[in-house]
Each structure stands twice: as structure tokens, then as C-alpha cells.
Amino acid sequence: MKIAVFLGGPGSGKGTQAKLLAERFGYLHISTGDMLRASVAAKDSLGQKVQQILESGGLVSDDIMKDVVAARLSRPDCRKGVLLDGFPRTLRQAEDLTSILASHPQSRLVVLNIDVPAENLQKRLCGRRSCAECGRIYNIYFQPPRQDGACDTCGVPLAQRRDDQEEVVRQRLEVYARLTEPLIAYYRDKGMLNNVDGQREVAEIFEQLSGLLQSE
Ligand code: AMP
């Protein structure tokens, strides 16, 4: 199974690209952020543990994340390939991923970095809105819906993630720079980094990522 991980900052387009790549290649898109938000919404035991952390923009502990990701990757729907969006986010998680994959002997890790400067990420995050019905993502600055606040396809009101509010975004970007950005050098030193300029059209980035995923 091929496992692609995305290293771009929050708002770099990881989720959008992972979704498109999943459709093209028939791989599974796993977003650790979506998994955690689903647990919070369901108020299950994981959700109760992580709710406050998500709301503050901090990171869930590496131990919890290791268990969550290991359990998810062992399910049969991952066999064909996985686009892992949101993990690893710390050096410890990168090492944990290596050890998780050691128990999947057929696995091959592909590392994709969607490069977007930090100053650009803030507007992408604070402007992000999504449709709860179809999952389509908009940005009030860059890709606004035709009618203010409503999905073009479904017409339902668009929602903002709680952690896309300005104060939380500042915290998430700080956490990214301090804990996640070092992963770029970590994978570059291992000769595994594929860097992609994230400040182009979605379709252009998608074509480049598709090529990389195919050839890696
Ligand atoms: P995301 O949707 O990927 O931006 O994730 C939303 C939030 O979920 C993050 O701000 C973290 O609080 C938490 N989260 C998601 N993935 C991880 C991870 N790999 N390690 C720690 N926390 C995570």
C-alpha cells in the first residue's frame, strides 16, 4: 500500500488536494483533523479527551495520535493506498509513522510538501468556509460563493470551523512553525522530500502531485 503524507501548513490545500488525489487514484483520504472533529461531535471517549485541545489550536498528544493512526491504517479499506492528511505533525509522529509502517511490509511512504508562505496561510484559514451538506470548501477572499454565505450547489448556509477563527489560527500557525515545519528538513535529509509550490491554481498543483504520486 502506498501512503502519501502532506507536510504543508494548515490552510495550504492539503485537504483539497488529498480529496482530489483520492478520487483519481482510488486511494482512501484520511484526515486526522476530520477524525478528531468527528469524535468531538460524537462525544465519544476520544472526543472528550481532545475537544479542548482542538478548540485552543494546540496539538493532541503524540501517544494518542499514534494509537488513532495505527488503528486506522490497519483497516482493510487502506490496502490500496492512503492519503494521510494531518499526520505526522511532530518529529515523534514521523518516527511513530515509520514504526507503524514497519508492520505493513508492502507499504511505501511518499512525502509531499505543499509550500505556502506563512503570511498567506492566515487569510486562507480565516476566510475558509465549508458546506456541511456536500463538503465543498470556499474562501470568502479567494473563492467566494456566488451568494454571500450559501453553498453554490446546495444553497445551505456555509459554516466556519471554530478553529479557523483568528485567535486560534494564530496559535495553529505558531504550533506549525515550531513543531511541524522541522519535518521538512527531516525528510529532506532522508532524501524523501517532494516539494510543490502551493501558490498556484488547484488544478496545476493537482497535476504535479498526481505525477509525483505515480512515480514515487
Ligand atoms: P487539521 O484539520 O488537520 O488542521 O487538524 C485540526 C486539529 O486537530 C489540529 O489543530 C490539532 O488540534 C488536531 N490534530 C490533527 N491532526 C493532529 C496530529 N497529527 N497531531 C496532533 N494534533 C492533531
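Residues numbered from 1 in each chain as written. Predicted model: local features only at pLDDT ≥ 70, side-chain atom pairs only at ≥ 80, totals over all residues. Heavy atoms only, no water.

*Asks:* Give a description of the overall build of the protein that names residues and reports values.
*Replies:* Each helix and strand counted, the protein has nine helices and eight strands in total. The C-alpha atoms of the protein give 17 Å as radius of gyration, which agrees with the globular expectation for 216 residues (17 Å, within 12%). With respect to the three principal axes, the spread of C-alpha positions in the protein is 50 × 40 × 35 Å. Expressed as a percentage of its 216 residues, the buried residues of the protein come to 46%. In the protein, the proportion of contacts linking residues at least 24 apart, taken out of those at least 6 apart, comes to 71%. Of the accessible surface of the protein, which amounts to about 11,200 Å², a share of 48% is contributed by carbon and sulfur atoms. Here the protein contributes 29 positively and 28 negatively charged side chains, and the mean placements of these two sets differ by 3 Å. (Helix = DSSP H or I, 4+ residues; strand = E, 2+ residues; numbered from the N terminus. Rg over C-alpha atoms; globule rule 2.2 N^0.38 Å. Buried < 20%, exposed > 50% of the residue type's maximum accessible area, 1.4 Å probe, protein only. Contact = heavy atoms within 4.5 Å. Areas by Shrake-Rupley, 256 points an atom, 1.4 Å probe, with all protein chains shown as cover. Lys, Arg positive; Asp, Glu negative; His and termini not counted. Charge placed at Lys NZ, Arg CZ, Asp CG, Glu CD.)

*Asks:* If you had to explain the side chain of Asp163 to someone new, which residues and values would you point to?
*Replies:* Tracing the sequence through the fold places Asp163 in the loop between strand S7 (158–159) and helix H7 (166–180). One polar contact links Asp163 to Arg161, side chain to side chain, over a distance of 2.9 Å. (Polar contact = N/O pair within 3.5 Å; in protein donor to acceptor, adjacent residues only side chain to side chain.)

*Asks:* Lay out the sheet that holds S7 with the relevant residues and their values.
*Replies:* With respect to topology, three strands assemble into an open sheet ordered S6-S5-S7, the strand pairing being antiparallel. Edge strands, defined here as strands with exactly one partner in the open sheet, are strand S6 (137–139) and S7. As paired elements, strand S5 (residues 128–131) and S6 share three bridges and run antiparallel to each other. The partner of Arg129 across the bridge, within S6, is Tyr138. Here helix H6 (residues 118–126) sits on the sheet in contact with S5 and S6, set at roughly 35° to S5. (Pairing = 2+ DSSP bridges. Axes fitted to C-alpha atoms, helices over the stretch in contact; angles between N-to-C directions.)

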